[in-house]
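Here are the chains, one letter per residue:
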Amino acid sequence: CDELMSWFWDMVKDMSTEDRAKLLHFATGSSRLPVSGFAAISPKFNISVQGDDIDHLPHAHTCGNQLVIPRYISKELLVEKFQVALSNDEGFGFA
């Protein structure tokens, strides 16, 4: 789990600003941080590592600002799965 979290934060560090905004939107429902920054997100942003099915994509519970990541076996797989998830993050499509 510690290694997976390290891979996740390495991936975030390597992301473009646009991709970080997509990740934030995916996890929280908003692509913008509060005025006072990341620490002010409420409820607090959290990451849960659940499930061993590495075929599953990461998912989120936006009402609780929770990101759920399966136990991927490599950083490359984690990055690949997030790229798919973020490129298909359409929400409910309400305008």
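Reading the values: rules and limits
Residues numbered from 1 in each chain as written. Predicted model: local features only at pLDDT ≥ 70, side-chain atom pairs only at ≥ 80, totals over all residues. Heavy atoms only, no water. Helix = DSSP H or I, 4+ residues; strand = E, 2+ residues; numbered from the N terminus. Buried < 20%, exposed > 50% of the residue type's maximum accessible area, 1.4 Å probe, protein only. Patch = residues over 30% accessible without salt bridge, like charges linked within 9 Å, V, L, I, M, F, W, Y side chains within 5 Å. Areas by Shrake-Rupley, 256 points an atom, 1.4 Å probe, with all protein chains shown as cover. Salt bridge = Lys/Arg side-chain N within 4 Å of Asp/Glu carboxyl O. Expected span 1.5 Å × (residues − 1). Arc of directions from axis to C-beta. Contact = heavy atoms within 4.5 Å. Lys, Arg positive; Asp, Glu negative; His and termini not counted. Pairing = 2+ DSSP bridges. Axes fitted to C-alpha atoms, helices over the stretch in contact; angles between N-to-C directions.

## Comments concerning unusual backbone geometry
- Here Ser42 and Pro43 are connected by a cis peptide whose omega angle stands at -5 degrees.
- Structurally, the position occupied by Pro43 is in the loop between α2 (17-28) and β1 (46-49).
- Phi is positive for Asn65, which is not a glycine, with a value near 55 degrees.
- Along the polypeptide, Asn65 turns up in the loop between β2 (59-61) and β3 (66-69).
- Residue classification places Asn65 among the buried positions, given a relative accessible area of 4%.

## Topic: a nonpolar patch on the surface
- Together, Trp9, Leu33 and Phe38 make up an exposed nonpolar region whose accessible area comes to about 300 Å².
- Tracing the chain through its elements places Leu33 in the loop between α2 and β1.
- With relative accessibility at 43%, the residue Leu33 sits in the partly exposed group.

## Overview of α2
- Here α2 contains 12 residues, and its C-alpha end-to-end distance of 16 Å stays within 8% of the 16 Å for a straight helix at 1.5 Å per residue.
- Taken together, the buried positions of α2 are Leu23, Leu24, Phe26, Ala27 and Thr28. Along α2, the residues classed as buried sweep out an arc of 165 degrees about the axis, all on the same side.
- Of the surrounding elements, those touching the buried residues of α2 are α1 (2-14), β2, β3 and α3 (75-87).
- At the C-terminal side of α2, Gly29 shows a positive phi close to 90 degrees.

## Examining the side chain of Lys81
- Here Lys81 is to be found in helix α3.
- Of the side chains with opposite charge, Asp55 lies nearest to the buried Lys81, which makes no salt bridge, at 4.9 Å.
- Not counting residues within four places of it along the chain, the set of residues in contact with Lys81 comprises Ile54, Asp55, His56, Leu57, Pro58 and Tyr72.

## Points about the sheet that holds β3
- Spatial ordering of the open sheet is given by β1-β3-β2, a layout of 3 strands whose pairing is mixed. Both outer strands of the open sheet, β1 and β2, are each paired with one neighbouring strand and no more. Between one strand axis and the next, the sheet turns through 25 degrees on average, direction left out of account.
- Taken together, the 4 bridges between β1 and β3 define a ladder with parallel strand orientation. Within β3, the residue paired with Ser48 across the bridge is Val68.
- In the packing of α1 onto the sheet, contacts are made with β1 and β3, and the angle to β1 comes to roughly 135 degrees.

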